[in-house]
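Descriptive structure summary
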Amino acid sequence: MEQKYSGLEAVKAASRGLRGTIDTELADASTPQVSESAYGLLKFHGTYEQYDRDTATALKQAGQEKDWQFMVRTRIPAGRLEPSQYLVLDALSDQFGNATMRITTRQTIQFHGVAKSDLRATIASINGALLTTLASCGDVVRNVVATPAPVRDAVHATLQDTAALLSAALLPRTRAHHSIFVLGSDGGEEAEEEPLFGPAYLPRKFKVGLAHPGDNTIDVLANDLGLIAEVVDGRVVGWIMCVGGGHGMTHNKPQTYPRLATPVARVPHSELQRAVEAVVALARDFGNRTDRRRARLKYVVDDHGLAWVKAGIEERFGGPLEDPPPLPKLELPELLGWHAQGNGRWWLGVPVPSGRIADTGEARLRTGLREAIRRFGLSPVLTPQQDILLADVEEADRGAVERLLREHGVVLAEALSPVARWALACVALPTCGLALAEAERVRAPMVGAIETALRRHGLEGERISVRITGCPNGCARPYAGDIGIVGRMPGMYAIYVGGDFAGTRLSFQLHDRVREAEIGDALEPLFAAFAQDRQPGEEFGGFCSRLGRDALLGLGAAPRLAAE
Ligand code: HEM
Ligand code: SF4
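Here's what I pulled together on the structure shown here.

Some points on the overall build of the protein
Counting its secondary structure elements, the protein contains 17 helices and 21 strands. Taken over the C-alpha trace, the protein has a radius of gyration of 23 Å; the compact-globule value for 564 residues is 24 Å, and the two agree within 12%. Structurally, the protein occupies a C-alpha span of about 70 × 55 × 55 Å along its principal axes. In the protein, of all internal contacts separated by at least 6 residues, the share reaching a separation of at least 24 is 68%.

Observations concerning the side chain of Arg-266
Along the chain, the position of Arg-266 falls in strand β9 (residues 262-268). Engagement of the side chain of Arg-266 in a polar contact is seen with the side chain of Glu-230, the distance being 2.5 Å. Residues within four places of Arg-266 in sequence aside, it is in contact with Glu-230, Val-237, Gly-238, Trp-239, Glu-322, Asp-323, Pro-324 and Pro-325.

Concerning the packing of helix α16 (residues 519-533) against helix α17 (residues 540-553)
Remark: α16 packs on α17, axes separated minimally by 11 Å, with the N-to-C direction vectors making an angle of 120 degrees. Considered as vectors, α16 and α17 are oriented oblique to each other. In this structure, α16 crosses over α17, and the sense of that crossing is right-handed. Here Leu-526, Phe-527, Ala-529, Phe-530 and Asp-533 of α16 come into contact with α17, specifically with Phe-540, Phe-543, Cys-544, Arg-546 and Leu-552.

Some thoughts on the pattern of salt bridges
Opposite charge on two side chains lets them pair, provided their charged atoms get close. Counting across every chain of the model gives 42 salt bridges. Members of the salt-bridge network, linked through shared partners, are Asp-90, Asp-94, Arg-366, Arg-370, Glu-371, Arg-374 and Arg-375.

Let's talk about unusual backbone geometry
Going from Leu-429 to Pro-430, the amide bond is cis rather than trans, its omega being 10 degrees. With respect to the secondary-structure elements, Pro-430 resides in the loop between β17 (424-425) and α15 (443-455). With phi around 65 degrees, Ala-135 is a residue other than glycine that occupies positive phi space. Backbone geometry at Ser-354 places phi at a positive 60 degrees, although glycine is not the residue there. Counting through the fold element by element, Ser-354 comes out in the loop between β11 (346-350) and β12 (356-357).

What about the site of ligand 1?
Surveying the vicinity of ligand 1 reveals 25 residues, the closest of which are Thr-105, Gln-110, His-112, Thr-431 and Cys-475. Taking Arg-102, its side chain carries an N or O atom lying 3.1 Å from an oxygen atom of ligand 1. Measuring from a nitrogen atom of ligand 1, one finds a side-chain N or O atom of Lys-205 at 3.4 Å. Secondary structure elements with two or more residues in the shell around ligand 1: β1 (47-51), β2 (68-73) and β4 (109-114). Of the residues contributing to the shell around ligand 1, the split by class is 7 nonpolar, 11 polar and 7 charged.

Details of the coordination of the iron atom of ligand 1
The protein gives the iron atom of ligand 1 a lone donor atom, Cys-475 (SG), placed 2.2 Å from the metal. Topologically, Cys-475 is positioned in the loop between β18 (466-469) and β19 (483-489).

What about the site of ligand 2?
All residues in the neighbourhood of ligand 2 are listed as Cys-426, Ala-428, Cys-432, Leu-434, Ala-435, Thr-469, Gly-470, Cys-471, Asn-473, Gly-474 and Cys-475. A class-by-class count of the residues in the shell around ligand 2 yields 7 nonpolar, 4 polar and no charged.

A closer look at the pairing of β4
Most of β4 sits inside the fold, with 5 of its 6 residues counted as buried. Two elements, β2 and β4, share 3 bridges in a ladder whose sense is antiparallel. Across the sheet, residue Arg-73 finds its bridge partner in β4, namely Gln-110. Where strand β3 (residues 101-103) lies against β4, 2 bridges are found, and the strand directions are antiparallel. Among the inter-strand pairings, Ile-103 is bridged to a residue of β4, identified as Ile-109. Linking β3 back to β4 in an antiparallel pair, the connection comprises 5 residues, with Gln-107 at a positive phi of about 65 degrees.

Comments concerning the sheet that holds strand β10 (residues 337-340)
Read from one edge of the open sheet, 4 strands run β10-β11-β16-β15, paired in antiparallel fashion. Single-partner strands in this sheet number two, and they are β10 and β15 (379-382). Mean inter-strand twist for the sheet, computed between neighbouring axes without regard to direction, equals 25 degrees. In the sheet, β11 pairs with strand β16 (residues 388-393) via 4 bridges, with the strands oriented antiparallel. Counted as the bridge partner of Leu-348 is Leu-390 from β16. Helix α13 (residues 398-407) contacts β10, β11 and β16 of the sheet and is inclined by roughly 15 degrees relative to β11.

A look at helix α12 (residues 365-376)
Helix length check: α12 (12 residues) gives 16 Å between terminal C-alpha atoms against 16 Å at 1.5 Å per residue, within 8%. One or two steps after α12, the chain reaches Gly-377, where phi turns positive at roughly 60 degrees.

Thoughts on the packing of aromatic side chains
What the rule picks out here adds up to 11 aromatic pairs. Ring plane angle 70 degrees and centroid distance 5.4 Å describe the contact between Tyr-51 and Trp-68, whose orientation is recorded as edge-to-face. In this pair, Tyr-51 sits in strand β1 while Trp-68 sits in strand β2, placing the two residues 17 residues apart along the sequence. Note on Tyr-51: relative accessible area 24%, which makes it partly exposed. Exposure remark for Trp-68: the relative accessible area of 17% places this residue in the buried category. Centre to centre, the rings of Tyr-479 and Tyr-496 are 5.0 Å apart; their planes meet at 75 degrees, and the pair counts as edge-to-face. Here Tyr-496 lies in strand β20 (residues 492-497) and Tyr-479 lies in the loop between β18 and β19, a separation of 17 residues in the sequence. Residue Tyr-479 shares its accessibility class with Tyr-496, and that shared class is buried. Members of the aromatic cluster, connected to one another through ring pairs, are Phe-527, Phe-530, Phe-540 and Phe-543.

Remarks on the environment of Ala-78
Along the chain, Ala-78 turns up in the loop between β2 and α5 (83-95). The class for Ala-78 is buried, based on a relative accessible area of 0%. Separated by 81 residues in sequence, Ala-78 and Leu-159 place their C-alpha atoms 8.4 Å apart. Every residue in contact with Ala-78, bar those within four places of it in the chain, is listed here: Gln-107, Val-144, Val-145, Ala-146, Gln-160, Ala-163, Val-381 and Leu-382.

Let's talk about the sheet that holds β19
Within a beta sheet, neighbouring strands are joined by backbone hydrogen bonds and run either parallel or antiparallel to one another. A sheet is described by the order of its strands in space; here 5 strands give the open sequence β17-β18-β19-β20-β21, paired in mixed fashion. The sheet is open, and its two edges are formed by β17 and β21 (508-515), each paired on a single side. Examined bridge by bridge, β20 and β21 share 5 bridges and lie antiparallel to one another. Pairing of Val-497 across the sheet is with Phe-508, part of β21. Contacts from α15 reach β17, β18, β19 and β20, with the element oriented near 145 degrees to β18. Strands in contact with α16 are β19, β20 and β21; relative to β20, the strand with the most contacts, it is inclined by about 20 degrees.

Calculation criteria
Residues numbered from 1 in each chain as written. Chains lettered and ligands numbered in written order. Predicted model: local features only at pLDDT ≥ 70, side-chain atom pairs only at ≥ 80, totals over all residues. Heavy atoms only, no water. Helix = DSSP H or I, 4+ residues; strand = E, 2+ residues; numbered from the N terminus. Rg over C-alpha atoms; globule rule 2.2 N^0.38 Å. Contact = heavy atoms within 4.5 Å. Polar contact = N/O pair within 3.5 Å; in protein donor to acceptor, adjacent residues only side chain to side chain. Axes fitted to C-alpha atoms, helices over the stretch in contact; angles between N-to-C directions. Parallel < 35°, antiparallel > 145°, perpendicular 65-115°, else oblique. Left-handed = near helix turned anticlockwise from the far one by under 90°. Salt bridge = Lys/Arg side-chain N within 4 Å of Asp/Glu carboxyl O. Near = heavy atom within 4 Å. Nonpolar A, V, L, I, M, F, W, Y, C, P; charged D, E, K, R; others polar. Donors = N, O, S within 2.8 Å, 3.2 Å for Na, K, Ca; no water. Buried < 20%, exposed > 50% of the residue type's maximum accessible area, 1.4 Å probe, protein only. Pairing = 2+ DSSP bridges. Expected span 1.5 Å × (residues − 1). Phe/Tyr/Trp six-rings, centres within 6.5 Å; stacked < 30°, edge-to-face > 60°.

In structure tokens, the structure reads:
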């Protein structure tokens, strides 16, 4: 039976290379909004139409329009920026955004609060800084992430340069982006050929990440295509290709689920780009175009099996691929604080709670970072932990850089508990239209409650990762790591445990609905048992995984859990 393509498929195919009606709609000053089809296509150009959900009800009651605004996301392969690029972005957040920047869990910068009338100018200015927003959102290959540590050796250089190379090679070929946002007109009727994607682009987003076994900060197995470097004598000689990772799922829809990528082949470094293109082509050809919830490569892998997938990649690659070796052990080093780069200089990893670079009261993080980068010519690196690494600090400047940040009230890593250092939270309210509950804005109290519960069991020094999202889509990777807290409805969260710190094991749902104020209580029986019964060297996630859901629930009911 012929199945009906999802609505966006027709919009993409008829869009003339992602042009659609964007050009005329941006020129229309009579409305702050765009049409549904332009909304779908604008994502491919790196921007989402949103509204301020905090003010929506009051505005509606007053008979007024919602506060429509746009989120703009840059593409920053491996999170590496020139100092001058950072300073341009910082200035843009004042000029067109809400005076904050947000480091994303995929190493980019997002702006919130951009008006439709400023969209072209914002994106053109980003382009002027030799950055792009093209393909930061939408059904394309997204920003390519890579191990961020600015260690100046051959392995890190290969990882980070390869991320930049792949990111550029996998961009759409359409000139629409440049025409609409830089030249100010969509450049006519003809669509350029898209040799890799075809006229309807990919069925869904496609994420690529590169890591080496010593540093899995990027959660390599959370990507559609995770590439793990094989290092011999200090050089990258090949890559283990892992396919089918992804976190997105929908509550109560068991046909959707998070999945870790599975090793499928080994490729020599010299063949990497061709092999990556072959995997993207497979997703293009077999990703589900009728149901967007089942469109990611992970479902192709599970529906067809790994052997079929490997054969499909080989067909598109044009030859056989080696079987993969077993996955090496992956580790997660501490990147915050001071570290030697290996070339006589240093980097300082600065924690950025929820990735939000803002000046708030005494804590003038945005000004402090801007001044440090400007005065000392530091190179910023954005991490998938939503933090910033200030690289290339001269030995003699270390004291002055740290002093400058402290003078601006910036909280440095040593003042934070391990839980606070490693906690992630997605944006959620007030901008994300999909948020069912708060995330970024409850990160501090939730982390505080967990810290308190840990302290009662002498676990305050324990390295435990907490990842909070406002809905099950999983933008802050809540199903990997030790504790996932996933929004269900306002003030109510599901709790996941049992994953591992290094991101190689998924967690399972422990509670379906816990009130926000009771999350510490819900976790405390687990902390108590962990403190008492852990095996030597066992991490919290490993302990939860060993005991399993039933035993953990049997540890004693957490007080006052809702609806269970
Ligand atoms: C069905 C799945 C998903 C949907 C529909 C979705 C949608 C969205 C939306 C609407 C935003 C914008 C929020 C805002 O800025 O106000 C967002 C942010 C983001 N999403 Fe997703 N997302 C999905 C899954 C994922 C997954 C699995 C990841 C990564 C593992 C991810 C990574 C990101 C990143 C990096 C951001 C930027 C903000 C941040 O770092 O929190 N998304 N997503
Ligand atoms: S996890 Fe959900 S609430 Fe959070 S940013 Fe992603 S889509 Fe929005």
